[in-house]
Amino acid sequence: MSSLSVKAISSLNAEFSVPGDKSISHRAAIFGGLSNGVCEIANFLPSEDCLNTLKAMRALGANFEVLEEMDGYGPTLLRIHGKGMKLTAPEAPIDCGNSGTGMRLLAGLLAGQEFTSELFGDASLSSRPMGRITEPLSEMGANIETLGEKPGCAPLKIHGSKVKPISYHLPVASAQVKSAVLLAGMFAEGITEVIQPAITRDHTERMLTSFRVSIRTEGEKISLPGGQTPESLDFRVPGDISSASFWLVAAAAMDGSRLLIKDVGLNPTRTAILKVLGRMGAQMTEIVTISDGEPMGNIEIKGAPLKGTTLLPEEIPNLIDEIPVIAVAAALAEGPTHIRNAKELRVKETDRITTTVENLRKMGVDVEEFIDGMTIHGGSQLKGARIKSHGDHRIAMAFAIAGLFASGETVIEDTDCINTSYPGFAHHLDAIRHERTKPEDFILPTTIR
Ligand code: S3P
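In short, a report on the structure.

With respect to the environment of Glu-118
Here is step 1: By the element assignment, Glu-118 lies in strand β7 (residues 116–120).
Here is step 2: A sequence separation of 27 residues divides Glu-118 from Glu-91, and the C-alpha atoms of the two residues are 10.0 Å apart.
Here is step 3: For Glu-118, the contacting residues outside a window of four places in its chain are Pro-93, Ile-94, Leu-147, Pro-155, Leu-156 and Lys-157.

So, in structure tokens, the structure goes:
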């Protein structure tokens, strides 16, 4: 089991890009595999989560070739051969690893297939709620058995069928559930509708539009006529703003620092973190370089003394994955930061309210825990500590950032999990820790095949 050791730094002055977006890479593998031809996908994220989805699509008949690889991880440039919506039954159960997105999206896809398949994952994924997808998918006509020890949990045995369209009010603001229903709806005759309680990340809608599938968004309602085949296209995945957030927080909280994150996704359903850091006092400039499809561009941030803030209820779905690192920013800011309406954090890779509060307290931070969030009283010196990631990539990375500000040494235990979303994080952390400034120090080695 690997670990990371971190000590305080005195300056941060760097320019680099982070690997591809996780949410978009999952969808590129799925829609590329469903498309009517060959798609070249650039800047694919070779993280364990996305590689599992790519392998799942291969198990369903959509083969891929690797054109370029991040050394030691997997493909960053690949060519996927779409099956024109005609998938084949997998020979074995499909491993989704640690990925809730992978399992829930694939379940939607498999619900509409006229064969039986099985999805399984690791211990964390096997304890996460699947009722939120099995309910609407059953309403559409699929028969899904939840075989886990915990009721309503994976493994999932999916007896797919000719599904029928539904109009579904999401009980939770979840892009995964929305996407699962829409994916099943692609195989239904008629119009599938999803009505969200709040706006969630819209990568599925944007990517389907790019693949020339007609899909309509009116406010919180999305409607999709079934029976359309995505038209193959070449696609570039922007950098992952959730991965960039770790460095944005480090730079924002370090007086005198300057950081330029290049070619990162700036989809407005993902950028609430920037608004929050702005409210906390960070000096930031956003330059959009590509505005159609998935917007992307550069973010420049300069460090300044931070002050506490209150996360707005409508911001929560937009920054749910960034809350552990926002909590670290809050610990470094003067005054209280209030995070509420975030009960969803309890059903992520770990219960992120518990794991964030526990680790902040270990570092000497005064935190109050609530059922749906926490209040962090920031501004005191962080103390180095031994941090348990509990196998959660975002907890591991958030507390590595905290270690850059703490007295003494911070050791993050069990850091292999970081590969589920950010291959190359240790390389970037090493460059930051040694206060390197040259862009080439941040390049993640790749090999052309
Ligand atoms: C994701 C949606 C979010 C997010 C996850 C990725 C997606 O989950 O936490 O990391 O790609 O659709 P929910 O939609 O369940 O909140």
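Back to the text.
Quick word on the environment of Asp-263
Here is step 1: Its location among the elements puts Asp-263 in strand β15 (residues 258–265).
Here is step 2: Apart from the residues lying within four places of it in its own chain, the contact partners of Asp-263 are Pro-238, Gly-239, Met-296, Gly-297 and Asn-298.

Examining the side chain of Asn-318
Here is step 1: With respect to the element layout, Asn-318 can be found in helix α9 (residues 316–319).
Here is step 2: A polar contact of 3.2 Å, which involves the side chain of Asn-318, links it to the backbone nitrogen of Thr-271.
Here is step 3: If sequence neighbours within four positions are ignored, Asn-318 has contacts with Pro-268, Thr-269, Arg-270, Thr-271 and Ala-272.

Some details on the packing of aromatic side chains
Here is step 1: All told, the structure shown has seven aromatic pairs when counted by the stated rule.
Here is step 2: Ring plane angle 70 degrees and centroid distance 5.3 Å describe the contact between Tyr-422 and Phe-425, whose orientation is recorded as edge-to-face. One exposure class covers both Tyr-422 and Phe-425, and it is buried.
Here is step 3: Ring-pair connections join several aromatic residues into one group, and the members of that group are Phe-16, Phe-246, Trp-247, Tyr-422, Phe-425 and Phe-442.
Here is step 4: A cation over an aromatic ring shows up here: Arg-340 above the ring of Phe-370, its NZ or CZ 3.9 Å from the ring centre.

Thoughts on the pattern of salt bridges
Here is step 1: Overall, the coordinates contain 27 salt bridges when judged by the stated rule.
Here is step 2: Lys-178 serves as the salt-bridge partner of Glu-205, at 2.7 Å between the closest nitrogen and oxygen. With Glu-205 in helix α6 (residues 203–210) and Lys-178 in helix α5 (residues 175–185), the pair connects residues that are 27 residues apart, well separated along the chain. In terms of burial, Glu-205 and Lys-178 fall into one category: buried.
Here is step 3: For the salt bridge of Glu-413 with Arg-386, the shortest nitrogen-to-oxygen distance reads 2.7 Å. Note that Glu-413 is positioned in strand β22 (residues 409–413) and Arg-386 in strand β21 (residues 386–388), a separation of 27 residues in sequence.
Here is step 4: For Glu-413, a relative accessible area of 22% corresponds to the partly exposed category.
Here is step 5: Looking at Arg-386, the relative accessible area reads 52%, which means it is exposed.
Here is step 6: Taken together, the shared-partner salt bridges in this structure form one network comprising Arg-128, Arg-201, Asp-321, Glu-349, Arg-352, Asp-392 and Arg-394.

Some words on the packing of helix α7 (residues 241–252) against helix α12 (residues 393–403)
Here is step 1: Contact pair α7 / α12: the axes reach a minimum separation of 9 Å and the direction vectors enclose 20 degrees. One finds that α7 runs roughly parallel with respect to α12. Crossing of α7 against α12: the hand is right-handed. Note on element contacts: α12 touches α7 through Arg-394, Met-397, Ala-398 and Ile-401, opposite Ser-242, Phe-246, Trp-247, Val-249 and Ala-250.
Here is step 2: When its residues are assigned to classes, the contact of α7 with α12 shows seven nonpolar, one polar and one charged.

Considerations on the site of the ligand
Here is step 1: Surrounding the ligand, one finds Lys-22, Ser-23, Arg-27, Thr-101, Ser-174, Ala-175, Gln-176, Arg-201, Ile-320, Asp-321 and Lys-348.
Here is step 2: Within the contact set of the ligand, an oxygen atom lies 2.7 Å away from a side-chain nitrogen or oxygen of Ser-23.
Here is step 3: Ala-175 has a polar backbone atom sitting 2.7 Å from an oxygen atom of the ligand.
Here is step 4: Here the ligand loses 95% of its free accessible area of 380 Å² to cover by the protein chains.
Here is step 5: Listed by contribution, the elements that provide at least two residues to the shell around the ligand are α1 (22–34) and α5.
Here is step 6: In terms of residues, the shell around the ligand owes the most to one element, α1, which gives three residues.
Here is step 7: Residues lining the shell around the ligand come from more than one domain, with at least three contributed by each of domain 1 (3–19 + 238–448) and domain 2 (22–225).

What counts and how
- Every chain begins its residue count from 1, and numbering advances along the sequence as written.
- With pLDDT at 70 or above as the cut-off, local features in this predicted model cover only qualifying residues; side-chain atom pairs require 80 or more to be listed or tallied, and sums for whole chains, interfaces and linings still use all residues.
- Values shown for side chains rest on all heavy atoms present in the structure; no hydrogens or waters enter the calculation.
- Under the scheme used here, helices are H or I runs from DSSP no shorter than 4 residues and strands are E runs no shorter than 2 residues, and both carry numbers assigned from the N terminus.
- Any pair of residues with heavy atoms lying within 4.5 Å of one another is described as a contacting pair.
- Nitrogen and oxygen atoms within 3.5 Å of one another constitute a polar contact, given that in protein one can donate a hydrogen and the other can accept it, and given that sequence-neighbouring residues count only through two side-chain atoms.
- The pairing test for Phe, Tyr and Trp rings, Trp by its six-membered ring, is centres within 6.5 Å, and the orientation test on the planes gives stacked under 30 degrees, edge-to-face over 60, and tilted for anything in between.
- Accessible area is worked out with a 1.4 Å probe on protein chains only. A residue is then buried under 20% of its type maximum, exposed over 50%, and partly exposed in between.
- For a Lys NZ or an Arg CZ to count as sitting over a ring, it must be within 6 Å of the ring centre and within 35 degrees of the ring normal.
- Definition used for salt bridges: Asp or Glu carboxyl oxygen within 4 Å of a side-chain nitrogen of Lys or Arg.
- Lines fitted to the C-alpha atoms define the axes, with helices restricted to the stretch that makes contact. Angles between their N-to-C directions range from 0 to 180 degrees.
- Each angle gets one of four labels, with under 35 degrees taken as roughly parallel, over 145 as roughly antiparallel, 65 to 115 as roughly perpendicular, and the rest as oblique.
- Take the far helix as your reference; a near helix turned counterclockwise from it by less than a right angle gives a left-handed crossing, and one turned clockwise gives a right-handed crossing.
- Polar here means any residue other than Ala, Val, Leu, Ile, Met, Phe, Trp, Tyr, Cys and Pro, which are nonpolar, and Asp, Glu, Lys and Arg, which are charged; Gly is therefore polar.
- In these notes, residues near a molecule or strand are those with any non-hydrogen atom within 4 Å of it.
- Per-residue accessibility takes into account occlusion by the displayed protein chains alone, with areas from the Shrake-Rupley method and a 1.4 Å probe.
- Domain delimitation in this document rests on an assignment produced automatically or drawn from a domain database.

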